[in-house]
Amino acid sequence: MSDSDTLEDERPRKALVLHPSLKSTMAKANLARAVTADQRRRPEARLAEAVGLAAAIDLDVVRADVVPVASWRPATLIGPGKVEELAAWIEENPVDVVIVDAAVTPVQQRNLEKGLKAKVIDRTGLILEIFGARARTKEGRLQVELAHLNYQRSRLVRSWTHLERQRGGFGFLGGPGESQLEIDRRLIGERIARIKLDLEQVVNTRSLHRRQRQKVPYPVVALVGYTNAGKSTLFNRLTQSEVFAKDLLFATLDPTMRTLRLPSGRNIILSDTVGFISELPTHLVAAFRATLEEVISADLILHVRDLSHPDTEAQAADVQDVLAALGIGDGSSHRRLEAWNKADQLPAEARETLQNQANRQDDVVLISALDGYGCDTLLQRIDAMLDADRVELDVTLDAGDGAAVAWLHRHGEVLQMQEKDGHLTLSVALSQAEAGKWLKRQEGKSV
């Protein structure tokens, strides 16, 4: 390999990023009755996010444009005039990939690649690339591959040179056989089936671990939030860990759990999960369900928000959409607490206003995960919200009933214990569920 080839391989790949946006709100309303992510935020903010996604896999974005369109074109998504204009620019400024920040159909992708004479990927393809680069554990890699194969299967179109019909059987008596397209689809289907079997084992293992954790009754607090909201930074701040955290979209992918001691002395398990994003591909939501089950089974969901971001409300709505897709909608029984993060990046006046707003709400805390502002208050609030489900019981036991004492220590918090005349008197805080188990246990003994 020559030195020039080596330099060519090492150079950053150049990218052109496009965000197609409908010109008028009326046009959007005609296309979709419901409020979509595209309507919740400014096109410029969506473009900036797409550029950030490209940077997350080390692409060198040489140009980024919002492309206004009057209506979506079935053939190319954007208008033919814009395609010609971009093709002329690409001819003079070659790029390695064109990223279209939208859902692009296989036909549209093929036509754009022909028109622009460049590789084209859409928003889903870009996010899959990032997840593929970030996955570290075997589970994470399997989940990404499953999502990628489901996406790839939908892209199998008759546009390749090797899709000729192949003969089957022997000699001239053979049937038509399989086309290469059918072979590819079958092979992808077989690989998907194998991955799903592997992931079923992951789900079973995770369920086993969850049951083991339930025997040691530490409540689980799951961190959720838009990507780059500061979840991993907060996780590191609270648990004194060193999980990879960087000002980068999808900096961390694989879930992490650590034990955390609250001000009351109670231990909890804090779980850091994958960041959410607007229009998160359904392939990914399905593939990562095993991971996200930690959120579903959590005792408390801690929603970390970047209050310094201009589209923080839209980001919060996107997170709610993903939670709703997991069955954790507004009507669910899951308790939630919002951590309004990045207070250090707010002007003094805005910070004071938001602090006053947070003080008036029981389920909101203003914090800075970076410098620790408000984190003590956050821990106290987590303690209080977990206490809301607890009941205190006064229990009298024989001093020799070590099994019962051990059960209470495992399943609750022993607040006070005194021994007198061969008996133990305990004051114990238990969750409603554990209190019910204790009463049934005692009823069983008395029968």
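Everything here concerns the structure above.
Bear in mind that the values here come from a model prediction, so they are computed numbers and not experimental data.

Caption draft 1: The arrangement of the nonpolar core in detail. Counting 33 residues, the largest nonpolar core has Leu59, Ile99, Leu126 and Val295 as its most contacted members. Those elements giving two or more residues to this core turn out to be strand 1 (13-22), helix 4 (43-55), strand 3 (97-100), helix 7 (123-134), strand 5 (220-225) and helix 13 (312-325). Ranked by size, the runner-up nonpolar core spans 24 residues in total, among them Ala229, Ile268, Ile367 and Met385.

Caption draft 2: Representation of the packing of helix 7 against helix 8 (residues 138-153) within the structure. Between helix 7 and helix 8, the least distance of the axes is 10 Å, while the angle of their chain directions is 155 degrees. It follows that helix 7 is roughly antiparallel to helix 8 by the angle criterion. Note that helix 7 runs across helix 8; the crossing there is left-handed. Residues Thr124, Gly125, Leu128, Phe131 and Gly132 of helix 7 form the contact with helix 8, whose own contacting residues are Val144, Ala147, His148 and Tyr151.

Caption draft 3: Representation of the sheet that holds strand 3 within the structure. The strand order across the open sheet formed by four strands is 2-1-3-4, and the pairing between neighbours is parallel. Only two strands of the sheet have a single neighbouring strand rather than two, namely strand 2 (59-69) and strand 4 (120-122). Going from strand to strand, the sheet's axes swing by 25 degrees on average, the running direction of each strand aside. Of the pairings in the sheet, the one linking strand 1 to strand 2 comprises 10 bridges and is parallel in character. Residue pairing across strands places valine 17 opposite alanine 64, the latter belonging to strand 2. Helix-sheet contacts for helix 6 (residues 106-116) involve strand 3 and strand 4, and the interaxial angle to strand 4 is about 145 degrees.

Caption draft 4: Structural context of the packing of aromatic side chains. One pass over the structure, following the stated rule, counts one aromatic pair. Relative to tryptophan 438, the ring of tryptophan 407 has its centre 5.6 Å away and its plane inclined at 40 degrees; by these criteria the two rings are tilted. Pair noted here: tryptophan 407 is in helix 16 (residues 402-411) and tryptophan 438 is in helix 17 (residues 432-446), with a separation of 31 residues, a long-range link. Its end group placed over the ring of tryptophan 89, arginine 63 keeps NZ or CZ at 5.0 Å from the ring centre.

Caption draft 5: Region of the structure containing the pairing of strand 6 (residues 256-261). Note that strand 6 and strand 7 (residues 267-272) share six bridges and pair antiparallel. Each bridged residue has a counterpart across the sheet, and for threonine 256 the counterpart in strand 7 is aspartate 272.

Caption draft 6: Layout of the side chain of asparagine 341. Tracing the chain through its elements places asparagine 341 in strand 9 (residues 335-341). Of the polar contacts made by the side chain of asparagine 341, one reaches the backbone nitrogen of alanine 369; its length is 2.9 Å. The residues contacting asparagine 341, other than those within four sequence positions of it, are Ala229, Gly230, Val304, Arg305, Asp306, Leu307, Ser308, Ile367, Ser368 and Ala369.

Caption draft 7: Fine view of helix 6. Among the residues of helix 6, those classed as buried are Gln108, Gln109, Leu112 and Leu116. Within helix 6, the buried residues cover an arc of 100 degrees as seen down the axis, which keeps them to one side. On its buried side, helix 6 packs onto helix 5 (80-92), strand 3, strand 4 and helix 8. Where helix 6 terminates, the next one or two residues include lysine 117, which has phi positive at roughly 55 degrees.

Caption draft 8: Quick peek at unusual backbone geometry. One non-glycine residue, lysine 117, adopts positive backbone phi at about 55 degrees. Considering the arrangement of structural elements, one finds lysine 117 in the loop between helix 6 and strand 4. A relative accessible area of 72% means that lysine 117 is categorised as exposed. The phi dihedral of lysine 342 falls on the positive side, at around 65 degrees, and the residue is not glycine. Tracing the backbone shows lysine 342 in the loop between strand 9 and helix 14 (348-359).

Caption draft 9: The arrangement of the sheet that holds strand 10 (residues 364-366) in detail. Strand order in the open sheet formed by six strands is 6-7-5-8-9-10, and the pairing between neighbours is mixed. Only two strands of the sheet have a single neighbouring strand rather than two, namely strand 6 and strand 10. The sheet shows a mean angle of 25 degrees between the axes of neighbouring strands, direction not considered. Seen against the sheet, helix 10 (residues 231-239) touches strand 5, strand 6, strand 7 and strand 8 (300-306) and runs at an angle of roughly 155 degrees to strand 7. Where helix 14 meets the sheet, it contacts strand 9 and strand 10, and its direction lies at approximately 155 degrees from that of strand 10.

About the cut-offs
The residue numbers shown here count from 1 along each chain, following its written sequence. For this predicted model, a pLDDT threshold of at least 70 governs which residues receive local features, and a threshold of 80 or more governs which side-chain atom pairs are given and counted, while totals over whole chains, interfaces and linings are taken from all residues. For the side-chain quantities, the full set of heavy atoms in the structure was used; hydrogens and water were omitted. Take the buried Ala, Val, Leu, Ile, Met, Phe, Trp, Tyr and Cys residues and link them wherever side-chain atoms come within 4.5 Å; each set so joined is a nonpolar core. Only protein chains enter the area calculation, which uses a 1.4 Å probe; residues under 20% of their type maximum are buried, those over 50% are exposed, and those in between are partly exposed. Numbering of helices and strands runs from the N terminus; a helix is a DSSP stretch of H or I covering at least four residues, while a strand is a stretch of E covering at least two. Whenever a helix is involved, its axis is fitted only over the stretch in contact; in every case the axis is a line through C-alpha atoms, and angles between N-to-C directions fall within 0 to 180 degrees. Throughout, the term roughly parallel applies to angles under 35 degrees, roughly antiparallel to angles over 145, roughly perpendicular to angles from 65 to 115, and oblique to all others. Definitions for this section: a left-handed crossing has its near helix turned counterclockwise from the far helix by less than a right angle. A right-handed crossing has that turn clockwise. We call two residues contacting when some pair of their heavy atoms lies within 4.5 Å. For two strands to count as paired, DSSP must find a minimum of two bridges between them. Note on aromatic pairs: the rings of Phe, Tyr and Trp (six-membered ring only in Trp) are paired at centre separations within 6.5 Å, and the planes decide the class, stacked below 30 degrees, edge-to-face beyond 60, tilted for the rest. In our convention, an over-ring charge means Lys NZ or Arg CZ found within 6 Å of a ring centre and within 35 degrees of that ring's normal. Throughout this description, a polar contact denotes any pair of N or O atoms lying within 3.5 Å of each other; where both atoms belong to protein, one of them has to be capable of donating a hydrogen while the other can accept it, and for residues adjacent in sequence the pair is counted only when both atoms sit in side chains. Taking the helix axis as origin, the arc is that swept by the directions to the C-beta atoms.

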